[in-house]
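The residues making up each chain are set out below.
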Amino acid sequence: MKKFLMTLLSLIMVVAMVASCAPSTPAKPTDPATTQAPDASEPGGEEPTEPAGKVYKVVNLVNGTLGDRSFFDSAEAGLAELAAAGRISYRTIEMGGDDEDQPKWLSTLYEVSESGEYDLIVCGTYQMPDYLNEVAAEYPDQKYLIYDSEGDGDNIVNINYKQNDMGYLVGVFAGAMTLETDLNNINDKSVVGFVGGIDSPVINDFLYGFLLGAQYANEDIKVDTRYVNSYVDPARAKELALSMINDNGCDIIWGVAGNSGNGAAEAALETGKAWFIGVDSDQELTLSKELAAITLTSGLKNIGNSIVWFFDELDAGREHYGENILLGIPEGGVGIVTDKNYATYATDEIKALVAEATEGIVNGSIEVPTAIGDTTGAAESLRDSLQP
Amino acid sequence: MSGFWSTVFNADFVFAIFRITAPILFAALGAIIAEKAGVTNIGLDGMMSISALFGTLISYWTQSWLVGVLGAVLVGMILGLMMGFFALRLRTDIILTGIAMNMLGGGGTIFLLYMFTGLRGNTSSLSSPNILIPTLNIPVLKDIPVLGSIFSGHSVLTYLAFILVFVVRFMLNRTSTGLNIRAVGENSDAARSVGISVKRVQYIALIMSGALAGFGGAFMSMYYSQSWNVGMIAGRGFIALAAEAMGRSQPVGAMFSSLIFGFAQALETRVSGIQGVSSFLVAAIPYLVTIIGLVVFVWSSRRKADKRRRQISTSDWE
């Protein structure tokens, strides 16, 4: 009896595993290009005459869940746009974002790579490179795209974003806005705030641009920088922001700390003495009505745009596998929200100043240094010198 | 340097200590009651996370903060009952049950949030001022210069946390329920021999523990932060366990140790705004303060024990 039960159980497990590995039916009706998809993982360079209208099969691995209204949703939106234009067919797998889910990330990567049915496997965030490197080395013919992080391999394209450029624009805006004392909540001190997630190169890259941009707009600017040391603890971010507002007179705070950032917005709202600036996605759309009302703008990382850009390049015959791509303002990789509250509260001079800075970065007259890979500690020493 | 002292030690600073302490204190009281009954509740963090979620959701559905808080407490009690069911009825290990509760607080809440609202990750789009726990300005006190800005204007739950310290103390020392709880925790066989239903008492203790975690959760998502997000309890349930241990499972002791944690975090917040101080060093402050607190605690209890021993030995001489 026991033996029978064991056999039955293992049979069920095998069936379940096979079922979960089985490809789901693609969203698009099959056309010749998709049916050939498994072979298309060969380097496309061998078929230069391939029509531009090729429909790629893509799988989007989300190491979290959709609905974050940030990176994952942005990537999904970009893929949906491509699919709507008939350029790709794709499938999204949500792998979950908890510690317990991490083993699933690796096995899912292996699974979709082994299946060989996708032209491109998309994943992202700083948590994925280790898993990706392992799997990509095993499947040299499979192509991968990782956004906002860096893998290592000839079959991986790494897409990153010039958050320093984005920070610069936000800094120019904040540095100029803190002088507009006629506006509610803006005091006569030239102090703005930065609530970062963790004192790390990526966060400091946002910060570096922010500091330089604020200085560009306002020579006397002071920037109060503090770190939450967590991306999911809004209560702690709120404590920091309250102290920044009450003790140092910050009247504009940029929160670059994931969910924690919302705590800074709440502090601004509760004290009624400050404004908030969002990050990564347009937070005026994601925060509650009251919080959105005090959110002046958001710095944007457009993951979706960057994926569209990648396929534009691919269709134009340019492959970027094995490269580290850094997308900035011209490619639509980063930007700043310029409608809603920005349009309402920013004066024409400030809008012109931000436009000028944008222009300067695009044409190269303004070069924003980066904190990533910088060993001189320039960003840190600038940060310390601007601390009020 | 004078600037440092005035930013660090002002009325705002002391006010912040109470605000930071409150959620830890709720959970620490919950830990005490469970510990006293011999059922260590290490699932407080998860319980807080789940009840924080339901606090937000229920207040959103009913558009009433009070119903939201009561809902969070009720959910906490149900979770306590659930822990009891597994640990007492099905005889799972109480520590493992606590771990399971914490895991439920991590992954399970995302599922629940999605199931009820279709949102994933956080509820920041649901929040509005009328469903947040209000603050209380105490009539005469609020006009007194420094004291007013320290003790007046806290949330209703902050006051409740400190009142509950004495309620729990009274309950444990003066009521039959409390005495039963302590008897069961000290020696369950002895308690059983005098006709106390051990399981029943432990169920009650876990339910009370859950209710207190529920208050802590509501505080987190309906006052401290204005919305719920994954992981927002950020280990406060575990800090509470440390506070309970440092306070020797006594409500007033736990209050003081919770205040030490609150002080440490408030200090960290202020110091991180000082020019040239490394954020990595600052992040170590709460741990440093904890270690110092433990050393002082051990030292003072040793001294007390020595004194007692000396007294005993001198009385032997007489």
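What counts, and at which threshold
- Residues numbered from 1 in each chain as written.
- Chains lettered and ligands numbered in written order.
- Predicted model: local features only at pLDDT ≥ 70, side-chain atom pairs only at ≥ 80, totals over all residues.
- Heavy atoms only, no water.
- Helix = DSSP H or I, 4+ residues; strand = E, 2+ residues; numbered from the N terminus.
- Buried < 20%, exposed > 50% of the residue type's maximum accessible area, 1.4 Å probe, protein only.
- Contact = heavy atoms within 4.5 Å.
- Areas by Shrake-Rupley, 256 points an atom, 1.4 Å probe, with all protein chains shown as cover.
- Expected span 1.5 Å × (residues − 1).
- Buried area = accessible area lost by both parts, 1.4 Å probe.
- Salt bridge = Lys/Arg side-chain N within 4 Å of Asp/Glu carboxyl O.
- 1 Å grid on protein atoms, 1.4 Å probe; cavity = no way out; pocket = protein on both sides within 12 Å on 5 of 7 lines; lining within 4 Å.
- Points joined across faces, edges and corners; volume = space filled by probe spheres on them.
- Nonpolar A, V, L, I, M, F, W, Y, C, P; charged D, E, K, R; others polar.
- Pairing = 2+ DSSP bridges.
- Axes fitted to C-alpha atoms, helices over the stretch in contact; angles between N-to-C directions.
- Domains from an automatic or database assignment.
- Bend = angle between axes of the 7 residues up to and from the residue.

## Points about the overall build of chain A
Move 1: The secondary structure content of chain A amounts to 15 helices and 12 strands.
Move 2: Within chain A, the fraction of its 388 residues that count as buried is 56%.
Move 3: Considering only contacts in chain A between residues 6 or more positions apart, those separated by 24 or more positions represent 70%.
Move 4: Counting every atom, chain A has about 15900 Å² of accessible surface; 55% of that belongs to carbon and sulfur.

## Details of helix 10 (residues 198–224) of chain B
Move 1: Over its 27 residues, helix 10 of chain B extends 37 Å from the first C-alpha to the last, a length consistent with the 39 Å expected when each residue adds 1.5 Å.
Move 2: Within helix 10 of chain B, 22 of the 27 residues are buried, leaving the element largely enclosed by the surrounding structure.

## Considerations on the interface of chain B and chain A
Move 1: Taken residue by residue, the interface counts 43 residues in chain B and 40 residues in chain A.
Move 2: Between chain B and chain A lies a buried interface of about 3200 Å² when both sides are counted; carbon and sulfur atoms form 43% of it.
Move 3: Sorting the residues of chain B by area buried against chain A places Arg-120, Gln-226 and Gln-275 of chain B first, and these three jointly supply 19% of that buried surface.
Move 4: Remark: the boundary between chain B and chain A carries four salt bridges.
Move 5: The shortest N-O distance in the salt bridge between Arg-236 of chain A and Glu-268 of chain B comes to 2.6 Å.
Move 6: Contributing elements (two or more residues each) for the side of chain B that touches chain A: helix 2 (11–36), helix 5 (94–117), helix 10, helix 12 (251–271) and helix 13 (279–283) of chain B.

## Brief notes about the layout of surface pockets
Move 1: By volume, the second largest pocket is sized at about 430 Å³.
Move 2: Taken together, 19 residues form the lining of the second largest pocket, with Asp-12, Phe-15, Arg-19, Gly-153 and Tyr-223 of chain B sitting closest to its centre.
Move 3: Of all the elements in the fold, those that place two or more residues in the lining of the second largest pocket are helix 8 (234–248) and helix 9 (261–271) of chain A together with helix 2 and helix 6 (145–151) of chain B.
Move 4: Looking at the lining of the second largest pocket element by element, the count peaks at five residues for helix 8 of chain A.
Move 5: In terms of residue class, the lining of the second largest pocket is built from three nonpolar, nine polar and seven charged.

## Structural notes on empty space enclosed by the protein
Move 1: This structure, assessed with the given rule, holds five cavities of 30 Å³ or more.
Move 2: In this structure, the largest cavity encloses a volume near 100 Å³.
Move 3: For the largest cavity, the full set of lining residues is Thr-225, Arg-226, Tyr-227, Arg-383, Asp-384 and Gln-387 of chain A together with Ser-272, Ile-274, Gln-275, Gly-276, Val-277 and Ser-279 of chain B.
Move 4: Within the residue set of the lining of the largest cavity, elements represented by two or more residues are strand 7 (222–227) and helix 15 (378–386) of chain A.
Move 5: In terms of residue count, the dominant contributor to the lining of the largest cavity is strand 7 of chain A (three residues).
Move 6: The residue inventory of the lining of the largest cavity, partitioned by class, reads three nonpolar, six polar and three charged.

## Focus: the sheet that holds strand 7 of chain A
Residue and element names in this part refer to chain A.
Move 1: Taken together, six strands build an open sheet; the order of strands is 7-6-8-9-10-12 and the sheet is mixed. The strands lining the two open edges of the sheet, one partner per strand, are strand 7 and strand 12 (334–336). The sheet shows a mean angle of 15° between the axes of neighbouring strands, taken without regard to direction.
Move 2: Alignment of strand 6 (residues 191–196) against strand 7, held across six bridges, turns out to be parallel. Looking at strand 7, one finds that Val-191 is bridged to Lys-222.

## Looking at the domain arrangement of chain A
Residues and elements named next belong to chain A.
Move 1: On domain assignment, one finds that chain A holds domain 1 (53–161) and domain 2 (163–300 + 334–386).
Move 2: Taken over C-alpha atoms, the centre of domain 1 sits 30 Å from the centre of domain 2.
Move 3: Remark: the boundary between domain 1 and domain 2 carries zero salt bridges.

## Brief notes about the sheet that holds strand 4 (residues 144–147) of chain A
All names here are of chain A.
Move 1: Reading across from one edge, 2-1-3-4-5-11 is the order of the six strands in this open sheet, with parallel pairing throughout. Of all the strands in the sheet, the pair left with one neighbour each is strand 2 (88–94) and strand 11 (324–327). Each strand of the sheet is rotated relative to its neighbour by a mean of 20°, with strand direction disregarded.
Move 2: With four bridges joining them, strand 5 (residues 156–161) and strand 11 adopt parallel strand pairing. Bridge pairing links Tyr-161 to Leu-327 in strand 11.
Move 3: Most of the contacts of helix 4 (residues 102–115) go to strand 1 (residues 56–62), to which it runs at about 170°, and overall it touches strand 1, strand 2, strand 3 (120–124) and strand 4.
Move 4: Those strands touched by helix 5 (residues 129–138) are strand 3, strand 4 and strand 5, and its axis lies near 170° from that of strand 4.

## Overview of the pattern of salt bridges
Residues and elements named next belong to chain A.
Move 1: What the rule picks out here adds up to 20 salt bridges over all chains.
Move 2: A salt bridge links Asp-119 to Lys-54; the nearest nitrogen and oxygen atoms lie 3.7 Å apart. On the criterion of sequence distance, the pair formed by Asp-119 in the loop between helix 4 and strand 3 and Lys-54 in the loop between helix 2 (32–35) and strand 1 is long-range, its members being 65 residues apart.
Move 3: Note that Arg-318 is salt-bridged to Glu-313, the shortest N-O span being 2.9 Å.
Move 4: Residue class for Arg-318 comes out partly exposed when judged on its relative accessible area of 44%.

## A short note on helix 5 of chain B
Residue and element names in this part refer to chain B.
Move 1: Taking 1.5 Å of rise per residue, the 24 residues of helix 5 would be expected to cover 34 Å, and the 32 Å separating its terminal C-alpha atoms lies within 8% of that figure.
Move 2: Considering bend angle alone, the principal kink of helix 5 is centred on Gly-108 and spans about 45°.
Move 3: Turning to helix 5, its buried residues are Ile-94, Thr-97, Gly-98, Met-101, Asn-102, Gly-105, Gly-108, Thr-109, Ile-110, Leu-112 and Leu-113.
Move 4: Here the buried face of helix 5 lies against helix 3 (44–62), helix 4 (65–89), helix 10 and helix 11 (236–246).
Move 5: Of the residues flanking the end of helix 5, it is Gly-118, one or two places downstream, whose phi is positive at about 80°.

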